[in-house]
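Coordinates in review
Each chain, written out:
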Amino acid sequence: FTAKNVLNVTSIKIGFKEIKEYVDSIAKSVKSWFYIYNPDYSNYSEETKVWLRRLNRLGFGAFTPLIMATMVKNAEETKLKELLRVAENFVFLVFAISRSPANTKNSHFYRVANYFYEDEKKWDIDKVIKEIDTLIYNETDNTGWLATDSFQTYIEKMYERDLGFYSWNVLKYFLYEYEEHLQKMANGDTKILWDEFNKRKKEETIEHIYPQTPNKE
């Protein structure tokens, strides 16, 4: 269903049925899209909401269409959580750690989202999850994008410019997740609000574990 097909009389005939199916698909997609960016309004489990909140803080990369397709197709929530987990892994490890360009594999994931939505027999959710995981970690034929050495090189360059870890673009995300992890390990019930945490200057968020005025010594 495209404007070209509607206006082109020689194209496939589009009637009421096709239009209704298109409108219904938009209605489902809009609802899922809203839940992606506003997980607390959804009926998903708290664990699923946690992963959605993480991606909202970190960034979704090219995974929003895949996540939306998974929701629209009413996949099992355990599968949705696994998809969210590997998506977060890819964004953090490939972009934030390995320093790959922000558009790495974007076109590929857009195509996968379309394949999954159109023909689940060829691309089911398990195959999608495995594909993402393989693109991160695969060492068999060096197709995995994880390159921890790149992060070390990046930080070394930042130190040469007297910026150090303060310049890391996902520093607040990393420290927020670390703080949440410590709270969970200590069975604490003090909730750290991301909006408040994110408003702080980077120096204020890490001064208790890292010198406020870092130097080579």
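Heads up: these notes are all about the structure in this document.

1. Side note on unusual backbone geometry
The backbone phi angle of Asn-74 is positive, close to 55°, even though this residue is not glycine. Tracing the sequence through the fold places Asn-74 in the loop between helix H4 (64-72) and helix H5 (77-97). Positive phi is not limited to glycine here, since Lys-105 has a value of about 65°. Tracing the backbone shows Lys-105 in the loop between H5 and helix H6 (106-118). Residue class for Lys-105 comes out partly exposed when judged on its relative accessible area of 27%.

2. Re the packing of aromatic side chains
Counting across every chain of the model gives 16 aromatic pairs. Judged by centre distance (5.2 Å) and plane angle (65°), the ring pair of Tyr-37 and Phe-60 falls under edge-to-face. Placement of the pair is Tyr-37 in helix H2 (residues 16-37) and Phe-60 in the loop between helix H3 (46-58) and H4, with a sequence separation of 23 residues. With relative accessibility at 35%, the residue Tyr-37 sits in the partly exposed group. Exposure remark for Phe-60: the relative accessible area of 7% places this residue in the buried category. Pairing Tyr-176 with Trp-194 gives two aromatic rings, centres 5.1 Å apart and planes at 80°, and the pair type is edge-to-face. Here the residue Tyr-176 occupies a position in helix H9 (residues 171-185), and Trp-194 occupies one in helix H10 (residues 194-199), the gap between them amounting to 18 residues. Residue classification places Tyr-176 among the buried positions, given a relative accessible area of 2%. Trp-194 gets classed as buried once you look at its relative accessible area, which sits at 17%. Three or more aromatic residues joined by ring pairs form one cluster here, namely Phe-92, Phe-151, Tyr-154, Trp-168, Tyr-173 and Phe-174. When the ring centre of Tyr-117 is taken as origin, the NZ or CZ atom of Lys-73, which lies over that ring, is 5.7 Å away. Sitting over the ring of Tyr-154, Arg-99 keeps its end group 3.9 Å from the ring centre.

3. Quick word on helix H7 (residues 125-137)
The end-to-end C-alpha distance of H7, which contains 13 residues, comes to 19 Å, matching closely the 18 Å that a straight helix rising 1.5 Å per residue would cover. Those residues of H7 not exposed but buried are Ile-125, Val-128, Ile-129, Ile-132, Leu-135 and Ile-136. End-on, the buried residues of H7 take up no more than an arc of 130°, which puts them together on one face. As for H7, its buried residues are in contact with H4, H5 and H6.

4. Remarks on helix H8 (residues 148-160)
Think of an α-helix as 3.6 residues a turn; residues three or four steps apart then line up on the same face. The terminal C-alpha atoms of H8, which comprises 13 residues, lie 19 Å apart, in line with the 18 Å expected from a rise of 1.5 Å per residue. Buried residues of H8: Phe-151, Tyr-154, Ile-155 and Met-158, and no others. The arc that holds the buried residues of H8, viewed along the axis, is 95°, so those residues lie on one side. Exposed and oriented more than 90 degrees from the buried face of H8 are Asp-149 and Glu-160. Each element contacted by the buried residues of H8 is listed here: H5. Just downstream of H8, Asp-162 is the residue with a positive phi angle, here 60°.

5. Description of the nonpolar core
Membership of the largest hydrophobic core comes to 51 residues, with the highest contact counts inside it found for Phe-63, Ile-67, Phe-90, Phe-92, Ile-132 and Trp-168. Only H3, H4, H5, H6, H7, H8, H9 and H10 provide two or more residues apiece to this core. Those residues in contact with Phe-92 that sit more than four places away from it in its chain are Leu-58, Ile-97, Trp-168, Val-170, Tyr-173 and Phe-174.

6. Quick word on the packing of H4 against H6
It is at 8 Å that the axes of H4 and H6 come closest, and there the two elements cross at 10°. Put simply, H4 runs roughly parallel to H6. The interaxial crossing formed by H4 with H6 has left-handed handedness. Judged by residue contacts, Pro-65, Leu-66, Ala-69, Thr-70 and Val-72 of H4 engage Phe-109, Tyr-110, Val-112, Ala-113, Phe-116 and Tyr-117 from H6. Here the contact of H4 with H6 is built from residues that sort into 10 nonpolar, 1 polar and no charged.

Parameters and conventions
- Once a new chain begins, its residue numbering starts again from 1 and follows that chain's sequence as written.
- Per-residue local features of the predicted model are confined to residues with pLDDT of at least 70, and side-chain atom pairs are confined, for both listing and counting, to 80 or more; whole-chain, interface and lining totals are unaffected and use all residues.
- Hydrogens and waters are ignored; side-chain quantities use all the structure's heavy atoms.
- Secondary structure follows DSSP: runs of H or I at least 4 residues long count as helices, runs of E at least 2 residues long count as strands, and numbering of each begins at the N terminus.
- Exposure is judged per residue with a 1.4 Å probe applied to protein chains only, and the accessible area is read against the type maximum: over 50% gives exposed, under 20% gives buried, and values in between give partly exposed.
- Only centres within 6.5 Å qualify two rings of Phe, Tyr or Trp (six-membered ring in Trp) as a pair; their planes then separate them into stacked at under 30 degrees, edge-to-face at over 60, and tilted for everything else.
- Placement of a positive charge over a ring is assigned whenever Lys NZ or Arg CZ falls within 6 Å of the ring centre and within 35 degrees of the normal to the ring plane.
- One fewer than the residue count of a helix, multiplied by 1.5 Å, yields its expected span.
- Taking the helix axis as origin, the arc is that swept by the directions to the C-beta atoms.
- Residue contacts are defined here by distance: any two heavy atoms, one from each residue, within 4.5 Å place the two residues in contact.
- Buried Ala, Val, Leu, Ile, Met, Phe, Trp, Tyr and Cys residues form a nonpolar core when they are joined through side-chain atoms within 4.5 Å.
- Axis definition: a line fitted to C-alpha atoms, over the contacting stretch in the case of helices. Angles run 0 to 180 degrees between N-to-C directions.
- Our angle categories are set so that under 35 degrees counts as roughly parallel, over 145 as roughly antiparallel, 65 to 115 as roughly perpendicular, and the remainder as oblique.
- By the definition used in this description, the sense in which the near helix is turned from the far one sets the handedness, with an anticlockwise turn below a right angle giving left-handed and a clockwise turn giving right-handed.
- In this classification, the charged set is Asp, Glu, Lys and Arg, the nonpolar set is Ala, Val, Leu, Ile, Met, Phe, Trp, Tyr, Cys and Pro, and all remaining amino acids, among them Gly, are polar.

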